Amino acid sequence: MLVYVYKSSKKQQTYLYVLQKDNFEDVPKPLMQTFGTPTFVMILALQKRQKLAQVDIDKLTTELNSNGFYLQLPPPEEDLLKAHKQSQIKNKG
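Residues numbered from 1 in each chain as written. Predicted model: local features only at pLDDT ≥ 70, side-chain atom pairs only at ≥ 80, totals over all residues. Heavy atoms only, no water.

### Structural notes on the environment of Tyr-6
Phase 1 of the analysis: Mapped onto the elements of the fold, Tyr-6 is located in strand β1 (residues 2-7).
Phase 2 of the analysis: For the pair Tyr-6 and Lys-21, spaced 15 residues apart in sequence, the C-alpha separation works out to 9.5 Å.
Phase 3 of the analysis: Setting aside residues up to four positions removed in sequence, Tyr-6 forms contacts with Thr-14, Tyr-15, Leu-16, Val-18, Lys-21, Asp-22, Phe-24, Phe-35, Pro-38, Thr-39, Phe-40 and Val-41.
Phase 4 of the analysis: A polar contact of 2.6 Å, which involves the side chain of Tyr-6, links it to the backbone nitrogen of Asp-22. (Helix = DSSP H or I, 4+ residues; strand = E, 2+ residues; numbered from the N terminus. Contact = heavy atoms within 4.5 Å. Polar contact = N/O pair within 3.5 Å; in protein donor to acceptor, adjacent residues only side chain to side chain.)

As structure tokens, then:
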């Protein structure tokens, strides 16, 4: 299965995977408005991959087969203040 990957012009680290190049018919219009103008990044041959850095391949293929697209959102930001406070508690105990 070939997958076409696009990055968002409005949201950093947000990617859209579709089954046909430049075909966004299956993507809901409100999502495309939020996503902005898609910028082509790459083509992936999923059958040649066992793992992707930020995406579970099983989830990706399931979403592509059922919805015709997959939206990859950025990983949640680490709460550095919370981590610091927890490390301070551990150091005192």
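### Section: the pairing of β1
Where a strand is regular, its side chains alternate between the two sheet faces.
Phase 1 of the analysis: One ladder, built from 6 bridges, connects β1 with strand β3 (residues 39-45); its direction is antiparallel. Within β3, the residue paired with Tyr-4 across the bridge is Ile-43.
Phase 2 of the analysis: Note that β1 and strand β2 (residues 15-18) share 4 bridges and pair antiparallel. Bridging from a neighbouring strand, Lys-7 pairs with Tyr-15 of β2. (Pairing = 2+ DSSP bridges.)

### Let's talk about the side chain of Gln-72
Phase 1 of the analysis: Note that Gln-72 resides in strand β4 (residues 69-72).
Phase 2 of the analysis: In this structure the side chain of Gln-72 is engaged in a polar contact, spanning 2.6 Å, whose partner is the side chain of Tyr-17.

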